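# Overview (structure and organization)
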Amino acid sequence: MKRSNVNSTVQGNAHNIAQENGVNDFLPLGNLEKAIKEIVDQPLPLVDGIEDQLVEFSEAMRTVGKVLREAAEAKAAAQAEATEWKHKYELEREKNLQLETKGPTFAENPGNFEQKVGGSDSIEHLAIEPETGEKSQRCCGENGICSHEVLRDRGPDSYPNIHSKITRKASFKLKWCSKSKKDDQHKHDIVSFEKGNITTAERSSKQISLKWETPPQTVLILTKPNSTSVKILCAEMVSWLKEKRSMNIFVEPRVRNELLEESSYFNFAQSWIDDKEMWRLHEVVDLVVTLGGDGTVLWAASKFKGPVPPIVPFSLGSLGFMTPFYSERYKECLKSILEGPISITLRHRLQCHVIREGSENENENENEGPILVLNEVTIDRGISSFLTNLECYSDNSFVTTVQGDGLILSTTSGSTAYSLAAGGSMVHPQVPGILFTPICPHSLSFRPLILPEHVTLRIQVPLNSRGHAWASFDGKDRKQLAPGDALVCSMAAWPVPTACRGDSTSDFLHSIHDGLHWNLRRTQSFDGPRES
Ligand SMILES: NC(=O)c1ccc[n+]([C@@H]2O[C@H](COP(=O)([O-])OP(=O)(O)OC[C@H]3O[C@@H](n4cnc5c(N)ncnc54)[C@H](O)[C@@H]3O)[C@@H](O)[C@H]2O)c1
Ligand SMILES: Nc1ncnc2c1ncn2[C@@H]1O[C@H](COP(=O)(O)OP(=O)(O)OP(=O)(O)O)[C@@H](O)[C@H]1O
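Residues numbered from 1 in each chain as written. Chains lettered and ligands numbered in written order. Predicted model: local features only at pLDDT ≥ 70, side-chain atom pairs only at ≥ 80, totals over all residues. Heavy atoms only, no water.

### Some thoughts on the overall build of the protein chain
Quick note on the threshold: Helix and strand labels come from DSSP, where a helix needs a run of H or I of at least four residues and a strand needs a run of E of at least two; each type is numbered from the N terminus. We call a residue buried when its accessible area falls under 20% of the maximum for its residue type, exposed when it is over 50%, and partly exposed in between, using a 1.4 Å probe and counting protein chains only. Residue contacts follow a heavy-atom distance rule, with two residues in contact if any of their heavy atoms lie within 4.5 Å. All accessibility values rest on the Shrake-Rupley procedure with a 1.4 Å probe; residue burial counts only the protein chains present in the view.
Looking only at helices and strands, the protein chain has 14 helices and 23 strands in total. By the burial criterion, 43% of the 532 residues in the protein chain qualify as buried. Put simply, 67% of the contacts in the protein chain that link residues at least 6 apart link residues at least 24 apart. For the protein chain, the exposed area adds up to about 29300 Å²; of that, 51% sits on carbon and sulfur atoms.

Right, dumping it as structure tokens:
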């Protein structure tokens, strides 16, 4: 048989088979591969010089078969997943409708949810204990941080509206752990000065582990708005946490309304009525769960102006740099988080104050803030078409004048966000420091800086500046800075503890590989010139 005939026969057959086994109708593609194999294995009359091409061609056909099969499998998997979600949603809806129609009968039935609420785990029965002298003592020894000291419990009178029925906060202990020695603690003596010589004595080993001392009982769930998949998951998670784990649940007012539209069953979900109540959430919430992308983690952090409870970020966004948990496996993840111990990334925040011209040390009320950011504060030209002119000081030392589009002061967590886009380095979130990254500087030599965490930075709009500057905080809340105004920024006292899937470093590396495709390059082929 001539080569062209062989090709056309194989192509024709493969085409027919591909049509028969098209990826759209999900017929078993094993047939396709089998048929290709049959064609390829068919004994053919040999024509001189054609064997090599045939071998090559049969390889190519195998590859085509494999690719088609993979495509069909991927599509089938996606469709199966979609069907599963739909099914879950329908089941949940049906269950909610049933609960709604059952009404009081449900409460009489032992072992059901209402029974649990009235039982020994009842939130009504769980009074807030007065602080004892023993508790107010340091209970975690010299090493580690105890939640009692950071998030001190309050009496019921301190939050009359939302918290009247709520149990006391769970206590936990944070411990620095090291892979090398089991009993290792955070090393304080990093440098030694013995006999006039300066040596590095110990390096800090800062993987932090959180161990619950009393079980967590109250969860705040924060969700990305306008997303159907988030809404479905939220309803499912709320009922699972209530029924299987007897947790007290807080959601945003918007989410509570959405849940109640779904079913009156969700009446147990609590919320707050005003910002004043919301600012005190840290006093009752043991754990925050976020359902969304990085923006939802930033949103969650912004809800806590003081201490922040541990955040468990589930990924339902497109990038998800700070959201390591898979939403499909939420039960498994939450079970292990609620039991502990949890690896934690302590993400530093920056606290920012806007100082208005002429107000410093004269009239405190003229100054604004503090505003806390988890990613960065950006000072840019906003809609002004003039070059931004910013004078920058670190403590009392002059750093530089920025002439360009603006400046980003970023945490190390934010180093992979806007700062990265402006040419800043990527820094592991546990490295303490403040990134100083210019935006489009009109200069050939303005390299980004990383400053130590203890400095206070002051960014001043000079009085002779041609235009205004604008400050924005984690990409939100723009504030105008007039000539003479300044922004003062330093490391905040309250970091954001986020739960890790593995540990801080493996999660970070996973995110830069998976989320940013860092240093992705085709591997160099084996053949080619070699060193002799
Ligand atoms: N040119 C840019 O890259 C640019 C411009 C404006 C804002 N931003 C960033 O967007 C952030 C606000 O995020 P949003 O989700 O509310 O807004 P958004 O919806 O506009 O999303 C911004 C993108 O930045 C990603 N992102 C946020 N924080 C990150 C982090 N720490 N590491 C890696 N990626 C991160 C998000 O996943 C998202 O893909 C700002 O804090 C700023 O860092 C980036
Ligand atoms: N609970 C919330 N209430 C109001 N706004 C929120 C809330 N959660 C998130 N947002 C805002 O919604 C926007 C999008 O959120 P998020 O980044 O989580 O989702 P996404 O854009 O789908 O994810 P990704 O950024 O990974 O693509 C952000 O600007 C964030 O500030």
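### Focus: the site of ligand 2
Rules: Whether a residue is near a molecule or strand is decided by its heavy atoms; if any one of them lies within 4 Å of it, the residue is near. Under this definition, polar contacts are N or O atom pairs within 3.5 Å; protein pairs additionally need one hydrogen-donor-capable and one acceptor-capable atom, and for neighbouring residues in sequence, both atoms have to be side-chain atoms. Amino acid classes used here: Ala, Val, Leu, Ile, Met, Phe, Trp, Tyr, Cys and Pro are nonpolar; Asp, Glu, Lys and Arg are charged; the rest, including Gly, are polar.
Not every one of the 16 residues close to ligand 2 is listed here, only the nearest: Thr223, Lys224, Gly293, Thr296 and Ser318. A distance of 3.0 Å separates a nitrogen atom of ligand 2 from a polar side-chain atom of Trp299. In this structure, Ser318 approaches ligand 2 through a side-chain N or O atom, which is 2.4 Å from an oxygen atom. Relative to its unbound accessible surface of 620 Å², ligand 2 loses 70% to contact with the protein. The element contributing the most residues to the shell around ligand 2 is helix H11 (residues 294-302), with 4 residues. Its residues assigned to classes, the shell around ligand 2 shows 3 nonpolar, 8 polar and 5 charged.

### Focus: the packing of aromatic side chains
Formally: Side-chain rings of Phe, Tyr and Trp, where Trp is taken by its six-membered ring, are said to pair if the distance between their centres is within 6.5 Å; with planes under 30 degrees apart they count as stacked, over 60 as edge-to-face, and otherwise as tilted.
Inspection of every chain in the model, using the stated rule, returns 9 aromatic pairs. An angle of 90 degrees between the planes, with centres 5.6 Å apart, marks the rings of Phe172 and Trp212 as edge-to-face. Highlighted residues: Phe172 in strand E2 (residues 172-177) and Trp212 in strand E5 (residues 207-212), separated in sequence by 40 residues. A single burial state applies to Phe172 and to Trp212, both of which are buried.

### With respect to the site of ligand 1
Taken together, the neighbourhood of ligand 1 is formed by 16 residues, with Asp294, Asn375, Glu376, Ser413 and Thr416 sitting nearest. A distance of 2.9 Å separates a nitrogen atom of ligand 1 from a polar side-chain atom of Asn375. Here an oxygen atom of ligand 1 sits 3.1 Å away from a polar atom, N or O, in the main chain of Tyr418. Considered on its own, ligand 1 offers 780 Å² of accessible surface; in the complex 63% of this is hidden by protein. When residues of the shell around ligand 1 are traced back to their parent elements, those giving at least two are H11 and helix H13 (418-421). The dominant element in the shell around ligand 1, judged by the number of residues it contributes, is H11, at 3 residues. Of the residues that constitute the shell around ligand 1, the class distribution is 7 nonpolar, 5 polar and 4 charged.

### Focus: the pattern of salt bridges
What counts is decided by this rule: Any carboxyl oxygen of Asp or Glu within 4 Å of a side-chain nitrogen of Lys or Arg constitutes a salt bridge here.
Taken as a whole, this structure holds 8 salt bridges when the rule is applied. Here Arg62 and Glu59 are joined by a salt bridge, their closest N and O atoms 3.5 Å apart. Taken together, the residues span about one helical turn, with Arg62 and Glu59 both in helix H3 (residues 51-102) at a distance of 3 residues. Put simply, Asp405 and Arg381 hold a salt bridge, and the shortest N to O gap is 2.8 Å. Here Asp405, found in strand E16 (residues 397-410), pairs with Arg381, found in the loop between strand E14 (376-380) and strand E15 (388-394); they are 24 residues apart in sequence, far enough to count as distant. You can call Asp405 partly exposed: its relative accessible area is 25%. Residue class for Arg381 comes out partly exposed when judged on its relative accessible area of 27%. If you follow the salt bridges from partner to partner, you end up with Glu252, Arg254 and Glu258 in one network.

### Structural notes on empty space enclosed by the protein
The condition that has to hold: Put simply, the grid is 1 Å and covers the protein atoms alone, a cavity is a trapped set of points that fit a 1.4 Å probe, a pocket is an open set with protein on both sides within 12 Å along at least five of seven lines, and lining residues have an atom within 4 Å of a point. Grid points are joined across faces, edges and corners, and a volume is the space filled by probe spheres set on the points.
Within this structure, the stated rule accounts for 3 cavities of 30 Å³ or more. The wall of the largest cavity is formed by 18 residues, among which Phe321, Met322, Arg347, Asp507 and Phe508 lie closest to the centre. Every element with two or more residues in the lining of the largest cavity is listed here: strand E11 (342-347), strand E23 (496-499) and helix H14 (504-514). Residue contributions to the lining of the largest cavity peak at 4 residues, all from H14.

### Considerations on the side chain of Ser413
You can see Ser413 is positioned in the loop between E16 and H13. For Ser413, the side chain forms a polar contact with the side chain of Arg347, separated by 2.9 Å. If near-sequence neighbours (up to four positions away) are discounted, Ser413 is found in contact with Arg347, Leu374, Asn375 and Pro429.

### What about the state of the cysteines?
Definition in use: Pairs of cysteine sulfur atoms within 2.5 Å are what we label disulfides.
Inspection of the entire model under this criterion finds 0 disulfides. With no disulfide of its own, Cys392 lies 11 Å from the sulfur of Cys489, the closest cysteine sulfur. Classification of Cys392 as buried rests on a relative accessible area of 0%. Cys440 takes part in no disulfide bond, and the closest cysteine sulfur, belonging to Cys392, lies 16 Å away. What makes Cys440 exposed here is its relative accessible area of 51%.

### Describing H11
Residues of H11 that are buried include every one of Asp294, Thr296, Val297, Leu298, Ala300 and Ala301, and no others. Residues of H11 that are buried make contact with strand E6 (218-223), strand E8 (287-292), strand E9 (311-315) and E23.

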